[in-house]
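Chains, contacts and geometry: an overview
The residues making up each chain are set out below.
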Amino acid sequence: MKTRKLALILLFVVLALIVTGCWNRREMNDLAIAIAIGIDKSGKQFRLSAQVVDPGEVAAKKGGGTRTPVTMYQATGNTIFEALRKMTTVAPRKIYMSHVRMLSIQEDVAKEGIGKVLDFMSRDHEVRTDFFIVIAKDTSAANTLKILTHLESIPANQMFSSLQTSEQAWAPAVTVTLDKLIADIVSEGKHPVVTGLRIRGEQKIGESKRNVEEIASPAQLQYSGLAVFNNDKLIGWLNEEQSKGYNYIIDKVKSTVGVVACPNGGKASIEVVRSKTEVKGKLMNGKPRMDVNVRIEANVGEVECSMDLTKTKTISELENSTEKRAQSIIKMTIEKVQEKYKVDIFGFGEAISRYHPKYWKKVKGEWDRIFVDLPVHVNVDVKIRRLGTVGNSFLEEMKKKE
Amino acid sequence: MAQQIGTNLQENLRSLKEAVGNSNDIIFREFRTGDGDGINAAMLYTDGLVDKNSVQDFIMETLLIDVRNIDMTKKNIADILTVGDMQQLKDFDMLFTRLFSGAAILLLDGYEQGFSIGMSGIKDRGVTESSGEAVIRGPKEAFSESILTNTALIRRKIKDPNLWLETRQIGRVTKTDVSIMYINGIANDKIVEEVRKRIERIDIDGILESGYIEELIQDETYSPFPTVYNSERPDTIAAELLEGKIAIIVDGTPHVLIVPALFISFMQSPEDYSQRADISSLIRILRFLGIFIALLGPSLYIAITTFHQEMIPTQLLISLAAQREGIPFPAFIEALMMEITFEILREAGIRMPRAIGQAISIVGTLVIGQAAVEAGIVSASMVIIVSITAISSFVIPSMNMTISFRMVRFLLMGLAASFGLFGISVGIVALVLHLCSLRSFGVPYMSPLSPFILTDQRDTLFRLPHWAMYSRPRLISQKNVIRAKNQPPKPKPKNSERKGKAR
């Protein structure tokens, strides 16, 4: 009995050794780690570009520096999946999609609808859903993947962390992941927006090593504006200020800087350190109305005018003008979207459905029509907490001396 | 039936000489003793095993000089000799056992029995510092090869008449002394009876080390895990006896066995009880972390890097992938090569003469540490994994448990290489099932974790202060569970406060 048991165990051990290499076992040096994917149109087909890491070059301890840290493979196909597999005709290894950080989609593709593109990305088991999606503005998606970058030697990492930091510290950019984008597309009370990515400078130099050999790179990647979608189709862009207004409404502002006019002329910068937005849907005489309450905590970041900050009156004046400024940005954003794009990107519909589900059931089919004339009441409350490390600006004393 | 000692001295001596084949280390000294012509007598002892000076001073002198005026036929020999340890011998078997245990044998003409006189002068290595189980704080002494030294070392720690010792000779040829030691009233009688039965069942020609006994009495042979604990430290043995366990002491080895052995005992170091409770608890947790790494280090690395690359953070994946560029072997083969190299180095380190140790270790470190990486045969990360695994395995205080884990590690590596994390999970489930199915002398091996016993947790993963550990392990000492009724120490009120109250 004992020997039979032992023989059985031995058999399993031997089998385990023999079947090594089956299933989906792959060594790390058999992987082409795709770090960014670009999708363009090529006639009626898709052109897929994959930015693939050259690990030997990125993590080289000595030598190195002769090749670029990433390489790019391209293939054209009727569908994304077909193009991806076709890529093996040029790439030595199978493209490994788990570590994709960025998905760049050409504006023209987005205008026709990004739904087709996203299905593959959400279906494939290898792809994670934590990468950011951006729209390549005024250029092709392939071009955005070709720019070499400083600091982060892998361009996709540069794009990823740049988008993350600018969302946190500057506001007019949003990080959109696959899950969120698909949820917004299918939602009845909200339309998606995606951050735009453009190339500043000369594309040709940006593609060569020369780009990182100069202190000021001749070509740089820059996020600018938000693309407004009607379901999955791109219909237009928000500029920087509108993007900020959008972020205020969807409560995505973590920290940003606002410039306000001083009471006696001149300018001051207010650093927003905390912002909380509540969107409430109301029904007045059977008509919907939105309340947007924004509470902002801010610090005085910069004073370029004469102002006595030691007085509470000055502070409250400053608070007032900040409130007005924020309010006008938000209002202007809403008006622009209502007038020009006529789609609810703010999720007002979702807010109504939360507060008045019965009413929502009646109107959800024609919500975008109602949205155009939707009265929105914006209320901003600013509290200035700190003045920085000095009280009054030394500019004040300089003036007294004169 | 053993041959009896007869009344005829010459006949007895003849058969004795015949039996030992004229071995010249057995000394036969014939003489006459008593008044007048006296009677014929013979003195036997093994050269080297007895203390010759004592034989000279207390036996020969007495019998040859002092008893010249005494009629030996009328006087009891026990009243004449000035020695403490003296036994009557009836048969030859007993005679030989005593003779080779270092006793001097006195045979007298006309007597139906012989006398064995304890004059043992066996050269002992002496009580030295423990080499295998070193501690920083705590007693340093370790057992030696002589069973009497060893029992004395334990007696010195437990001064109680209830510390009982049962000795029997085992081994058809070697007739080795094997003793069972336990504290009557604390040890579980059923377990003592079971140990007795298993030891009596042993039929073997020779016992040279306690490992022989261990293999002959253990519950499960086909298991990588030891179900008998051993130690060469008297304080460890004393502590285990106090918990109600039973020690088996074998003559000729410093390693004393303890049964029943629990898995958790192998994780406990005697120093845990000398250090402060918080320190020992943290160190114990560190040890469990060490086991985790020693068991799973290479297999997790293999599984994650060859099956589940999506689980590695991107930056780490890139740098790992960069190291693997140009490595010709799959990760599993790479790990196996490194692990086997390390095992060879470890084994060589134990066996080789100390003088060439340095040379080997330099070659070893250079070969596995640097040259292999620079030559592009193994990746640097694999060297890190293998070395951290190797070091972690040595935090387990008990050497035989270390080896068990190292064996299981290779199985898990195979599973990881063929099935990834699924393989590892299946392997761990199987391992836990196996561990839980083990028993040591009727006590579940994994207790008090499985079955879970709350009160015994005081000395399992954590080591609570001594005043909190007031009970013995439930499944071992069943009738006498309470150790003491100690209370947490209460500091005296400060001087100033006391004065205040007095007024």
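Owing to the predicted nature of the structure, the values given are computational and were not obtained by experimental measurement.

**Remarks on the overall build of chain A**
Regarding its fold elements, chain A presents 16 helices and 13 strands. A principal-axis box enclosing the C-alpha atoms of chain A has dimensions of 90 × 65 × 60 Å. The 402 residues of chain A split such that 49% are buried. Counting only contacts in chain A whose residues sit at least 6 apart along the sequence, the fraction spanning at least 24 positions is 70%. Split by element, the accessible area of chain A, about 19,800 Å² in all, is 53% carbon and sulfur. The average position of the 61 basic charges and that of the 48 acidic charges among the side chains of chain A differ by 5 Å.

**Some details on unusual backbone geometry**
Put simply, V259(B) and P260(B) share a cis peptide bond, and its omega is -10°. Examined against the element boundaries, P260(B) turns out to sit in the loop between β10 (256-259) and α8 (277-306). Following S447(B), the chain continues into P448(B) via a peptide bond in cis, with omega recorded as 10°. Mapping P448(B) onto the fold places it in the loop between β12 (443-444) and α14 (495-502). Located in the positive-phi region is K342(A), a residue other than glycine, with phi close to 55°. With respect to the helices and strands, K342(A) occurs in the loop between α12 (312-341) and α13 (348-355). For K342(A), a relative accessible area of 43% gives the class partly exposed. Of note, N22(B) is a non-glycine position whose phi angle comes to about 55°, a positive value. Structurally, N22(B) is set in the loop between α1 (9-20) and β1 (26-33).

**Here we look at the confidence of the model for chain B**
When pLDDT is averaged across chain B, the result is 86; 97% of the residues are at 70 or more. Considering each helix and strand of chain B separately, the mean pLDDT is smallest for α14(B), with a value of 56, and largest for strand β9 (residues 246-250) of chain B, with 94.

**Considerations on a negative patch on the surface**
Where like charges cluster on the molecular surface, the negative patch consists of D51(B), D57(B), E61(B) and D66(B). Inspection of the secondary structure assignment puts E61(B) in helix α2 (residues 52-66).

**A few points about the pairing of strand β12 (residues 287-304) of chain A**
All names here are of chain A. Here 17 bridges tie strand β11 (residues 267-284) to β12, and the two strands are oriented antiparallel to one another. When the sheet's bridge partners are listed, A268 is paired in β12 with V303. Linkage of β11 to β12, two consecutive antiparallel strands, is achieved through a turn of two residues, within which N285 is found at a positive phi near 55°. Relative to strand β13 (residues 376-386), β12 is paired through 10 bridges, and the arrangement is parallel. Bridging from a neighbouring strand, N299 pairs with R386 of β13.

**Section: the interface of chain A and chain B**
The interface of chain A with chain B comprises 31 residues on the first partner and 31 residues on the second. In this structure, the salt-bridge partner of R324(B) is E27(A), at a minimum N-O distance of 3.6 Å. Listed by contribution, the elements that provide at least two residues to the side of chain A that touches chain B are α1 (2-18), β1 (31-42) and α2 (55-58) of chain A. A per-element tally of the side of chain A that touches chain B places α1(A) first, with five residues. Looking at the side of chain A that touches chain B residue by residue, the classes come out as 16 nonpolar, seven polar and eight charged.

**Here we look at helix α3 (residues 92-100) of chain B**
Within an α-helix, residues lying three or four positions from one another point in the same direction, as the helix has 3.6 residues per turn. Here α3(B) has its buried residues at F92(B), L95(B), F96(B), T97(B), R98(B) and L99(B). Two or three places before D93(B), at the start of α3(B), stands the capping residue D91(B), its side-chain oxygen 3.2 Å from that residue's backbone nitrogen.

**Considering the pattern of salt bridges**
All names here are of chain B. Tallied over the entire structure, the rule returns 56 salt bridges over all chains. The salt bridge partner of R196 is E166, with a shortest N-O separation of 2.8 Å. Of this pair, R196 sits in helix α5 (residues 189-200) while E166 sits in strand β6 (residues 163-170), placing them 30 residues apart in sequence. Connected via shared salt-bridge partners are E339, E343, R346, E347, R351, R406 and R409.

**Quick look at the packing of helix α4 (residues 147-157) of chain B against helix α7 (residues 234-242) of chain B**
Residues and elements named next belong to chain B. As a packed pair, α4 and α7 sit with axes 9 Å apart at the nearest point and diverge in direction by 60°. Considering the angle they form, α4 stands oblique to α7. In the packing of α4 onto α7, the handedness of the crossing is right-handed. Two secondary-structure elements touch here, α4 through L153, I154 and K157 and α7 through P234, D235, I237, A238 and L241. Of the residues belonging to the contact of α4 with α7, the class tally is six nonpolar, no polar and two charged.

**Some points on α2(B)**
Residue and element names in this part refer to chain B. If you look at α2, its biggest bend is around 40°, right at M60. Taken together, the buried positions of α2 are S54, V55, I59, M60, T62 and L63. Looking at the buried residues of α2, the elements they touch are β1, β2 (39-46), β4 (103-108) and β5 (114-118).

**Some details on the side chain of Q203(A)**
All names here are of chain A. Mapped onto the elements of the fold, Q203 is located in helix α9 (residues 203-206). Reaching out from Q203, the side chain makes a polar contact with the backbone oxygen of N143 at a distance of 3.4 Å. Within polar-contact distance, the side chain of Q203 engages the side chain of E207 at 2.7 Å. Not counting residues up to four positions away in its chain, the partners in contact with Q203 are T139, N143, K146 and I147.

**Examining the side chain of S280(B)**
All names here are of chain B. Of note, S280 is situated in helix α8. Within the structure, S280 has its side chain in polar contact with the backbone oxygen of D272 (distance 2.8 Å). Setting aside anything within four residues of it in sequence, one finds S280 in contact with D272, Q275 and R463.

**Focus on the domain arrangement of chain B**
All names here are of chain B. Domain parsing of chain B yields domain 1 (9-118), domain 2 (147-261) and domain 3 (277-444). Distance between the C-alpha centres of domain 2 and domain 3: 34 Å. Across the contact, 18 residues belong to domain 2 and 15 residues belong to domain 3. Summed over both partners, the interface of domain 2 with domain 3 buries about 1,300 Å², with 73% contributed by carbon and sulfur atoms. Viewed at the interface, domain 3 and domain 2 are joined by zero salt bridges. Linking domain 2 to domain 3 there are five residue pairs in polar contact (both at pLDDT 80 or more). The element that contributes the greatest number of residues to the side of domain 2 that touches domain 3 is α5, accounting for four residues. Residues that form the side of domain 2 that touches domain 3 fall into these classes: 11 nonpolar, three polar and four charged.

So, how was this worked out
Residues numbered from 1 in each chain as written. Chains lettered and ligands numbered in written order. Predicted model: local features only at pLDDT ≥ 70, side-chain atom pairs only at ≥ 80, totals over all residues. Heavy atoms only, no water. Helix = DSSP H or I, 4+ residues; strand = E, 2+ residues; numbered from the N terminus. Buried < 20%, exposed > 50% of the residue type's maximum accessible area, 1.4 Å probe, protein only. Contact = heavy atoms within 4.5 Å. Areas by Shrake-Rupley, 256 points an atom, 1.4 Å probe, with all protein chains shown as cover. Lys, Arg positive; Asp, Glu negative; His and termini not counted. Charge placed at Lys NZ, Arg CZ, Asp CG, Glu CD. pLDDT = per-residue confidence, 0-100. Patch = residues over 30% accessible without salt bridge, like charges linked within 9 Å, V, L, I, M, F, W, Y side chains within 5 Å. Salt bridge = Lys/Arg side-chain N within 4 Å of Asp/Glu carboxyl O. Pairing = 2+ DSSP bridges. Nonpolar A, V, L, I, M, F, W, Y, C, P; charged D, E, K, R; others polar. Polar contact = N/O pair within 3.5 Å; in protein donor to acceptor, adjacent residues only side chain to side chain. Axes fitted to C-alpha atoms, helices over the stretch in contact; angles between N-to-C directions. Parallel < 35°, antiparallel > 145°, perpendicular 65-115°, else oblique. Left-handed = near helix turned anticlockwise from the far one by under 90°. Bend = angle between axes of the 7 residues up to and from the residue. Domains from an automatic or database assignment. Buried area = accessible area lost by both parts, 1.4 Å probe.

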